[in-house]
Amino acid sequence: MRKLQRKVAAFLLFWLLFEQATSYLYDNRYAGDKVIRVVPENEEAAKTLKDLSQQFKVDLWQPGSVSYISKGAFVDLHVSRNTSQILLAYLQQANIQYTVLISDLQKAVEKQSGLRVSRNRRSLPGYSYDIYHSLEEIQSWMHHLNKSHSGLVHMLSVGKSYEGRPLFVLKLGKRSRVYKKAVWMDCGIHAREWIGPAFCQWFVNEALQTYQTDPAMRRMLNQLYFYIMPIFNVDGYHFSWTHDRFWRKTRSKNSRFHCHGVDANRNWKVKWCDEGASIHPCDDTYCGPFPESEPEVKAVADFLRKHRKQIKAYLSFHAYAQMLLYPYSYKYATIPNFSCVESAAFNAVNALQSVYGIRYRYGPASSTLYVSSGSSMDWAYKNGIPYAFAFELRDTGHFGFLLPETLIKPTCTETMLAVKNITMHLLKKCH
């Protein structure tokens with residue numbers, strides 16, 4: 001009888017914790033919200049959709065800005081329950097077809113995140129790489145690796161965020177007195193793109209686990225350093241775990257407006273605040289009051305400037321679209337070393353596809369995705385880093401920013417091959 005009572009008590013405790021955790025999940029703020037997809041068939045439909053998006057202040061998932069809405073290109077909209085009925089009625093009235101990708105966003109958020117309480121994510125020896133981790137967990141993991149793998153890992157801070165959090169980077173590679181080229185990798189410039197930080201962690205773990213057994217990995221770590229920043233936008237990422245799952249920007253305050261944050265991928269000093277960036281502080285693509293206004297962007301730009309002779313590749317990881325992009329993003333033009341970069345991209349997407357058959361589009365960001373100014377990739381390239389790439393990881397909209405944890409492993413496994421391919425290309429001479 002006592003055994004049964006203990007079991008019931010344990011179950012009730014677990015259920016109570018689970019209820020608290022899931023009700024804590026953003027205070028049920030997305031209940032009844034939907035994500036819909038629209039493909040405007042003509043210019044008139046595209047204009048109507050632009051007007052409706054601005055009028056109803058929808059959360060645009062794809063493309064990044066209302067200005068990118070165009071004929072024939074899909075548009076993914078997160079619509080709140082308060083506006084969904086009237087917005088969908090407007091679309092029907094205008095004879096604009098739509099499909100519902102996610103019918104209840106709160107349920108989808110809980111499905112992705114709601115079982116956090118049921119697993120001990122913080123035990124470092126058993127740290128799991130196929131679940132999403134909070135900022136605190138990721139930073140503890142970085143400290144742990146710094147101590148446990150001191151031969152290959154060195155942790156450094158490149159500065160502090162707007163809210164005063166350290167901006168940690170892992171320097172990965174066999175220590176050498178001889179000069180070594182380096183690769184920079186950052187994840188999580190946009191807070192809601194959780195698969196990015198998951199990949200950065202996966203890459204570090206895979207590198208450490210296979211260093212002894214995989215000749216390619218051994219060559220990579222012996223001949224190169226990797227500077228890996230698992231979470232670029234630390235304040236935004238933390239906020240996406242505690243307040244708003246779909247937060248994108250940094251968390252800086254604007255003195256004249258009540259809106260927080262700047263798009264950290266529109267804040268770089270390369271054609272700053274031009275096409276594809278917004279001057280309005282409340283917009284998701286707000287470029288900031290001036291270039292490098294965000295302490296996170298300034299800190300990374302300073303670090304890259306300081307190491308510009310050493311760093312030969314810049315890789316930034318985003319979601320979602322399944323693309324591998326290279327410069328230019330701010331204009332339609334061919335980069336001087338196009339053939340070398342294009343060949344690296346071609347081989348990388350083929351390697352990626354060889355695992356699960358997932359197809360990535362690749363090409364210059366301006367023509368493959370859209371024109372955007374002030375991006376980190378263009379800035380890196382303009383500052384002398386010859387190989388600059390931005391990955392848009394899985395998927396193409398079925399889950400969007402809510403990629404399930406079951407897809408972390410396949411996504412990271414295939415991306416790993418692409419990154420190794422680019423790195424090996426770097427070690428060869430390309431003429």
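Residues numbered from 1 in each chain as written. Predicted model: local features only at pLDDT ≥ 70, side-chain atom pairs only at ≥ 80, totals over all residues. Heavy atoms only, no water.

J.: How should I be thinking about the pattern of salt bridges in this particular structure?
T.: Charged atoms that come close allow side chains of opposite charge to pair. For the structure on display, the rule yields twelve salt bridges. Put simply, Arg37 and Asp76 hold a salt bridge, and the shortest N to O gap is 2.7 Å. With Arg37 in strand β1 (residues 34–38) and Asp76 in strand β3 (residues 75–79), the pair connects residues that are 39 residues apart, well separated along the chain. A salt bridge links Arg305 to Glu292, with the nearest nitrogen and oxygen atoms 2.9 Å apart. One end of the pair, Arg305, is in helix α9 (residues 295–306); the other, Glu292, is in the loop between α8 (234–242) and α9, and 13 residues separate them in sequence. (Salt bridge = Lys/Arg side-chain N within 4 Å of Asp/Glu carboxyl O. Helix = DSSP H or I, 4+ residues; strand = E, 2+ residues; numbered from the N terminus.)

J.: Please explain the UniProt feature "active site" (unreviewed entry) in the protein as it appears in this structure.
T.: Listed under "active site" (unreviewed entry) in the UniProt record, and renumbered for this structure, are Glu392. Among the structural elements, Glu392 can be located in strand β12 (residues 387–393). Exposure remark for Glu392: the relative accessible area of 11% places this residue in the buried category. With near-sequence residues (within four places) excluded, Glu392 lies in contact with His318, Ala319, Tyr320, Ala321, Gln322, Met323, Leu325, Tyr360 and Leu369. There is a polar contact of 3.4 Å between the side chain of Glu392 and the backbone nitrogen of Ala319. (UniProt positions renumbered as here; feature names shortened; annotations may be inferred. Buried < 20%, exposed > 50% of the residue type's maximum accessible area, 1.4 Å probe, protein only. Contact = heavy atoms within 4.5 Å. Polar contact = N/O pair within 3.5 Å; in protein donor to acceptor, adjacent residues only side chain to side chain.)

J.: Any chance you could explain the packing of helix α7 (residues 215–223) against helix α13 (residues 408–427) here in plain terms?
T.: Angle between the axes and distance between the axes are the two parameters that describe a pair of packed helices. At their nearest, the axes of α7 and α13 sit 11 Å apart, and the two run at 55° to each other. Looking at the two axes, α7 sits oblique to α13. Pair α7 / α13 crosses with left-handed handedness. Note on element contacts: α13 touches α7 through Met416, Lys420, Thr423, Met424 and Leu427, opposite Ala216, Met217, Arg219, Met220 and Gln223. Considering only residue class, the contact of α7 with α13 consists of six nonpolar, two polar and two charged. (Axes fitted to C-alpha atoms, helices over the stretch in contact; angles between N-to-C directions. Parallel < 35°, antiparallel > 145°, perpendicular 65-115°, else oblique. Left-handed = near helix turned anticlockwise from the far one by under 90°. Nonpolar A, V, L, I, M, F, W, Y, C, P; charged D, E, K, R; others polar.)

J.: Help me understand the side chain of Asp33, please; the structure alone is not making it clear to me.
T.: Residue position: Asp33 is located in the loop between α1 (2–24) and β1. Buried charged residue Asp33 carries no salt bridge. Nearest counter-charge: Arg81, at 4.1 Å. Not counting residues within four places of it along the chain, the set of residues in contact with Asp33 comprises His78, Val79, Ser80, Arg81, Ile102, Ser103, Asp104 and Leu105. (Lys, Arg positive; Asp, Glu negative; His and termini not counted.)

J.: Which parts of the structure should I look at to understand the state of the cysteines?
T.: Linking two cysteines covalently through their sulfur atoms gives a disulfide. A complete count under the given rule lists four disulfides for this structure. Here Cys259 connects covalently by a disulfide to Cys282, the sulfurs 1.8 Å from one another. Across the disulfide from Cys259 to Cys282, rotation about the S-S bond amounts to roughly 80°, and the bridge is consequently right-handed. Of the two residues, Cys259 sits in the loop between α8 and α9 while Cys282 sits in the loop between α8 and α9, which places them 23 residues apart along the sequence. Since its relative accessible area comes to 21%, Cys259 is described here as partly exposed. (Disulfide = S-S within 2.5 Å.)

J.: In this structure, what is going on with the pairing of strand β5 (residues 153–160)? I would like to understand it.
T.: Looking along a regular strand, one sees side chains alternate from face to face of the sheet. In this sheet, strand β6 (residues 166–172) lies alongside β5 in antiparallel orientation, the contact comprising six bridges. Note that in β6 the partner of Val153 across the bridge is Leu172. (Pairing = 2+ DSSP bridges.)

J.: Can you walk me through the packing of aromatic side chains in this structure?
T.: Any two aromatic rings considered together are summarised by their centre-to-centre distance and by the angle between their planes. For the structure on display, the rule yields 28 aromatic pairs. Ring centres 5.3 Å apart and planes at 70° place the aromatic pair Tyr127 and Tyr129 in the edge-to-face group. Overall, Tyr129 belongs to the buried group, its relative accessible area being 16%. Ring centres of Trp268 and Trp379 lie 5.2 Å apart, and the angle between their planes is 55°; this geometry places the pair in the tilted category. (Phe/Tyr/Trp six-rings, centres within 6.5 Å; stacked < 30°, edge-to-face > 60°.)

J.: Which parts of the structure should I look at to understand the sheet that holds strand β4 (residues 98–102)?
T.: Strand pairing in a sheet is mediated by backbone hydrogen bonds. Such pairs are either parallel or antiparallel. Taken together, four strands build an open sheet; the order of strands is β2-β3-β1-β4 and the sheet is antiparallel. The open sheet has two edge strands with one neighbour each: β2 (59–62) and β4. Adjacent strand axes in the sheet meet at a mean angle of 30° when their direction is disregarded. Pairing between β1 and β3: five bridges, direction antiparallel. Following the sheet pairing, Arg37 is matched in β3 by Asp76.

J.: Explain the sheet that holds β6 to me, please; I cannot follow it from the model alone.
T.: Taken in spatial order, the eight strands make up an open sheet running β5-β6-β8-β7-β9-β12-β10-β11, and their pairing is mixed. Edge strands, defined here as strands with exactly one partner in the open sheet, are β5 and β11 (361–364). The mean inter-strand angle of the sheet, taken between neighbouring strand axes irrespective of direction, is 20°. Of the strand pairs in this sheet, strand β9 (residues 311–319) and β12 are connected by seven bridges, and their pairing is parallel. Considered in β12, the bridge of Leu315 is made with Phe389. Lying over the sheet, helix α5 (residues 135–148) contacts β5 and β6, oriented at roughly 40° with respect to β6. In the packing of helix α10 (residues 338–356) onto the sheet, the strands contacted are β10 (323–326), β11 and β12, and the crossing angle to β10 comes to about 170°.

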